[in-house]
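# Analysis of the macromolecular model
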Protein chains: 2
Amino acid sequence: MMDHSFIEKLQAIVGKENVDATKAGRLVYSYDATPGFQSMPDAVAAPRNTREVSEIVQLCQEYKIPIVPRGSGTNLCAGTTPSEGGLVLLFKHMNKILDLDKENLTITVQPGVITQDLIQHVEKEGLFYPPDPSSMKISTIGGNINENSGGLRGLKYGVTRDYVLGLEAVMANGDIIRTGGKLAKDVAGYDLTRLFVGSEGTLSIITEAILKLIPIPQSKKTMLALYQDMEAAARSVSSIISKQIIPATLEFLDQPTLKVVEDFAKIGLPTDVKAVLLIEQDGPEELVERDIKLMMDICLQEDAVSVEMAKTESEAEALRTARRSALSALARLKPTTILEDATVPRSQISNMVMAINEIGEKYKLNICTFGHAGDGNLHPTVPTDARNHEEMERVESAFAEIFAKAIELGGTITGEHGVGMMKAPYLEWKLGKEGIAAMKAIKGALDPSNILNPGKVFAKESRKRVVVSR
Amino acid sequence: MMDHSFIEKLQAIVGKENVDATKAGRLVYSYDATPGFQSMPDAVAAPRNTREVSEIVQLCQEYKIPIVPRGSGTNLCAGTTPSEGGLVLLFKHMNKILDLDKENLTITVQPGVITQDLIQHVEKEGLFYPPDPSSMKISTIGGNINENSGGLRGLKYGVTRDYVLGLEAVMANGDIIRTGGKLAKDVAGYDLTRLFVGSEGTLSIITEAILKLIPIPQSKKTMLALYQDMEAAARSVSSIISKQIIPATLEFLDQPTLKVVEDFAKIGLPTDVKAVLLIEQDGPEELVERDIKLMMDICLQEDAVSVEMAKTESEAEALRTARRSALSALARLKPTTILEDATVPRSQISNMVMAINEIGEKYKLNICTFGHAGDGNLHPTVPTDARNHEEMERVESAFAEIFAKAIELGGTITGEHGVGMMKAPYLEWKLGKEGIAAMKAIKGALDPSNILNPGKVFAKESRKRVVVSR
């Protein structure tokens, strides 16, 4: 329980109306989009500016109260679950676009801005902010930065990290620092900007960001390639890239996912094929035409049973929306949806998908797989029921094997979702004891009392590495 | 002086032939490309593999001997001067290209590979490694990573950091860790990859790197725009970018630089104009044609007195080579050449160049300015003589004012050269006490006995901020 004097001091900083310590108010922020994790915070506060954030951090430091910064809570790694109680920090008041600089091609924003609002805002000016996580309609930029979110355009355009030029951040001691700037190049000291991106609120609290924009591509085309053979789809991906075409989007959906998505979106997706690739190219018209034609040929050569181009932009948009809705569609099947994002080198996609299917059979689970094939970033997903403990154990064992396999193939346990609490026990498999030690040293140095989002990234105990036997 | 037992143990690790403690041998590594900094190391060693690096680090830890990892020493920030003595680590044996992976578009290299060798190696396979520091003929990839080197193609393609996907590094305690992988996306824990890039050998010793490659642009065109008015050149830069054209290269040379470069390269550069822009675009042929035409029009609209296109690739190559030779050309003028790289937001280029000229007049110095205009990354350069103490004091005061002005304009004290010893006293101007404290905490956590390249990045005493009066 929180000391009453803490609440009073907190109210003095942000105003009474911006502190909620009621049970109902706290319950709302006791979980995020990750199934199976819930923990009550002791209070919720919504600061109005950076100075207030700094004062709150100093107050929490004084009382040793954990702080969990939270955007819209759409993360899938239990990154914003207040696992050790404490204070949830909301950015609903710090949600302004501060500056769109067309000469330097930058936008300066507060963390509470909704990703899609930012994207639409810059597109009106003929500019482009590529990172587009599937949750972009509700996710915030602050959340995207903390998780280093990816999206469908990552293959060609990179992820959130590649668009963060500078940050304002509050450190665990209340210091307010600025990193980077409206600068294409800056090597003045360590790259705190990129260290903080993806650090899940465990190293600092981000209060402002300068983001890089690029010119908006002049045109875009969308195509669908259908396969009766998973391997053929994977071969198409490798073949496209090794022919040096980098499409804007190169998404994969397997048959179980296709069926569920079509049932949800009803846009006429084929459900009688084993896999589809959703491929987009953008850029100057001539180039897009050329690349799409080349990719259609490649897919047919690699045994696609059919390739078709979206005839209109609304048809293309329907396909993209359907793909983005995969999680929502799958979530309708059963009470609990476990979605992962094991990632492998692109050349290992086929091996990884086969391994996922074998693991699914071994544990008698219906694993639906979709994801960013061009990035090697797959989302094996299990619709299940958290109340069925026996099944949940099988799910957990299956994912442990999937992680182990991804690492064996030169991959990682998470491509874009983050570690949070969810994957903390597996982090050592990827990094080794030595890698964990280096990261813990940084955490300890920047947040010695461990008040910034404690319980995330680092597990109290690491999982023993399973021996993958098949 | 070094303990004799240390040398013996060192010899046992790397072999007698790979340790040099002679005065002549040490003298060679007592300085780098930065004028005015020299300090004798106690020994020089050339490990043959990562295990040997790890053993050396453990040995140095035992004896508390500083280690200075060094590539070709082309850095301009006194980043590899053994300021506190100790051991210089050479990578002449660790200079292999380990793997070119065409399916994943990656190359895996040891740190001692020469930048240009790597570039040529991948170009033979139709692939492209964009970072191209002017020193690339002799610089090493390890050095580029430690300094986060830029180059002429940074505007469109980014800097070294943007191409490092994974690292193998030896920590201060001898631990060998691996970060990232052949992965487009990886958010498993903190981004140590990017933290180490640009950390100047102060956080770890890099022993292997996985670098990202991209398809090589199909064609390239080069043009030159001549100006009788500095401001018109700067306006052209802004106008090109705000019309959403991102050229591959957008370089600026002022008249004093032009004269010196022409005298050196003798390729018929105009020396009767106040400034030139060297502009290149690459990509598909149609697009390059279109962009070059648009940029020619823009430059003429912004009062270029003439624009001309390189007629042949050899003419274009001569122009690029001339630009790259600017430092060598300037270095012939006087015994000492001080070259800086204050960087500002692109929109402030014109203000910055004017300020540099005013500062030059104030301190009665002949400052030649050239650089990456598209990045806002300028290289004001003063040919001087280190033995002329009175002039050197004026040079130092002038650069202090240049740094202060860059920061005032939203810029930074170094865009691509790094901090090293040279700019350490000024780092606080950019970062504030709080930013320095955060970086020092990280350094202290990862290298508690301060044996990794000590004396770099952090100054014993920061410079007082001058009040810029004009």
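Just so we're clear, the structure is a prediction, and the values are computed from it rather than from any experiment.

Our next topic: the relation of the copies chain B and chain A. For the pair of chain copies, the relating transformation is a rotation about an axis with a translation along it. Mapping chain B onto chain A leaves a residual RMSD of 0.0 Å; the transformation is a rotation of 180° accompanied by 0.0 Å of translation along its axis. These values place the two chain copies in the arrangement generated by a two-fold rotation axis. Most of the interface of chain B is mirrored in chain A: 100% of its interface residues are interface residues there too.

Let's shift gears to unusual backbone geometry. The backbone phi angle of A:Lys266 is positive, close to 45°, even though this residue is not glycine. For A:Lys266, the position within the fold is in the loop between helix H9 (255-265) and strand E14 (275-283).

Right, let's talk about the UniProt feature "domain: FAD-binding PCMH-type" (unreviewed entry) in chain A for a bit. Per the UniProt annotation, the sites labelled "domain: FAD-binding PCMH-type" (unreviewed entry) are residues 37-216 of chain A. Between the C-alpha atoms that bound residues 37-216 of chain A there is a distance of 39 Å. The span itself is 22% helix and 24% strand.

Contact with chain B, which involves 79 residues of that partner, is made by 79 residues of chain A. Counting each side, the surface lost to burial between chain B and chain A is near 6,300 Å², with a carbon and sulfur contribution of 60%. Interface area lost by chain B to chain A is led by B:Lys185, B:Val187 and B:Tyr190, which between them contribute 16%. At the junction of chain B and chain A, the tally comes to eight salt bridges. Along the contact surface separating chain B from chain A lie 30 residue pairs in polar contact (both at pLDDT 80 or more). For the side of chain B that touches chain A, the elements supplying multiple residues, two or more each, are strand E9 (176-180), helix H7 (192-196), helix H8 (230-242), helix H10 (285-301) and helix H15 (427-446) of chain B.

Turning to the sheet that holds strand E6 (residues 106-109) of chain B, a few remarks are in order. Residues and elements named next belong to chain B. The strand order E5-E6-E10-E8-E9 describes an open sheet built from five strands, whose pairing is antiparallel. The open sheet has two edge strands with one neighbour each: strand E5 (97-101) and E9. Between one strand axis and the next, the sheet turns through 10° on average, direction left out of account. Bridge analysis of strand E8 (residues 164-170) against strand E10 (residues 205-212) gives six bridges, and the strand direction is antiparallel. Bridged to Glu168 within E10 is Glu208.

This part covers the pairing of strand E4 (residues 87-90) of chain B. Residues and elements named next belong to chain B. Burial of the side chains of E4 extends over both faces: Leu87 and Leu89 are buried on one face and Val88 and Leu90 on the other. Relative to E4, strand E2 (residues 43-45) runs parallel, the two being bridged by three bridges. Across the sheet, the residue bridging to Val44 is Val88, located in E4. Bridging between strand E3 (residues 67-70) and E4 involves four bridges; their strand directions are parallel. Looking at the pairing, Ile67 lines up with Leu87 of E4.

Our focus in this paragraph is the domain arrangement of chain A. All names here are of chain A. When cut into domains, chain A gives domain 1 (4-90), domain 2 (97-215), domain 3 (219-326) and domain 4 (333-420). Relative placement of domain 1 and domain 4: their C-alpha centres are 32 Å apart. Counting residues at the interface gives five residues for domain 1, matched by eight residues for domain 4. On the domain 1 side of the interface with domain 4, the three residues burying the most area are Pro35, Leu76 and Cys77, jointly 90% of the side's total. For the pair domain 1 and domain 4, the interface holds zero salt bridges. Across the domain 1-domain 4 interface, the total number found is zero residue pairs in polar contact (both at pLDDT 80 or more). Across the side of domain 1 that touches domain 4, the residue classes break down as four nonpolar, one polar and no charged.

Two side chains that carry opposite charge are able to pair once their charged atoms sit near each other. All names here are of chain A. Under the definition given, this model contains 78 salt bridges over all chains. For Asp99, the salt bridge goes to Lys182, with nearest N and O atoms at 2.7 Å. With a gap of 83 residues between them, Asp99 in strand E5 (residues 97-101) and Lys182 in the loop between strand E9 (176-180) and helix H7 (192-196) connect regions that are remote in the sequence. The class for Lys182 is partly exposed, based on a relative accessible area of 23%. Between Glu208 and Arg178 there is a salt bridge, with the nearest N and O atoms lying 3.2 Å from each other.

Residue and element names in this part refer to chain B. Packing of helix H13 (residues 349-362) against helix H14 (residues 389-408) brings their axes to within 10 Å, and their N-to-C directions diverge by 155°. The pairing of H13 with H14 is recorded here as roughly antiparallel in orientation. Like other packed secondary-structure pairs, H13 and H14 cross with a definite hand, here right-handed. Across from Met352, Ala355, Ile356, Ile359 and Lys362 in H13, the residues of H14 making contact are Ala398, Glu401, Ile402, Lys405 and Ala406.

Considering all chains together, one arrives at 14 aromatic pairs over all chains under this definition. Where A:Phe458 meets B:Tyr190, the ring centres are 5.7 Å apart and the plane angle is 80°; that geometry is what we call edge-to-face. Linking A:Phe458 in the segment after helix H15 (427-446) with B:Tyr190 in the loop between E9 and H7, this pair reaches from one chain into another. On the accessibility criterion, A:Phe458 (14% relative accessible area) is buried. Overall, the relative accessible area of 4% leaves B:Tyr190 in the buried class. An aromatic cluster of at least three residues, connected via ring pairs, comprises A:Phe399, A:Phe403, A:Tyr426 and A:Trp429. Directly above the ring of A:Tyr163 sits A:Lys212, whose terminal nitrogen or CZ lies 5.9 Å from the centroid.

All names here are of chain B. In this model H8 runs 19 Å from its N-terminal to its C-terminal C-alpha over 13 residues, within 8% of the 18 Å that 1.5 Å per residue would give. For H8, the buried fraction is high: 10 of the 13 residues fall into the buried class. Along H8, the positions that sit buried rather than exposed are Met230, Ala232, Ala233, Ala234, Ser236, Val237, Ser238, Ser239, Ile240 and Ile241. Residue Asp229 occupies the N-cap position of H8, its side-chain oxygen lying 3.0 Å from the main-chain nitrogen of Glu231. Directly beyond the C-terminal end of H8, a positive phi value near 65° is found at Gln244.

What counts and how
- Residues numbered from 1 in each chain as written.
- Chains lettered and ligands numbered in written order.
- Predicted model: local features only at pLDDT ≥ 70, side-chain atom pairs only at ≥ 80, totals over all residues.
- Heavy atoms only, no water.
- Least-squares fit on C-alpha atoms with pLDDT ≥ 70 in both.
- Contact = heavy atoms within 4.5 Å.
- Helix = DSSP H or I, 4+ residues; strand = E, 2+ residues; numbered from the N terminus.
- UniProt positions renumbered as here; feature names shortened; annotations may be inferred.
- Buried area = accessible area lost by both parts, 1.4 Å probe.
- Salt bridge = Lys/Arg side-chain N within 4 Å of Asp/Glu carboxyl O.
- Polar contact = N/O pair within 3.5 Å; in protein donor to acceptor, adjacent residues only side chain to side chain.
- Pairing = 2+ DSSP bridges.
- Axes fitted to C-alpha atoms, helices over the stretch in contact; angles between N-to-C directions.
- Buried < 20%, exposed > 50% of the residue type's maximum accessible area, 1.4 Å probe, protein only.
- Domains from an automatic or database assignment.
- Nonpolar A, V, L, I, M, F, W, Y, C, P; charged D, E, K, R; others polar.
- Parallel < 35°, antiparallel > 145°, perpendicular 65-115°, else oblique.
- Left-handed = near helix turned anticlockwise from the far one by under 90°.
- Phe/Tyr/Trp six-rings, centres within 6.5 Å; stacked < 30°, edge-to-face > 60°.
- Lys NZ or Arg CZ within 6 Å of the ring centre and 35° of its normal.
- Expected span 1.5 Å × (residues − 1).

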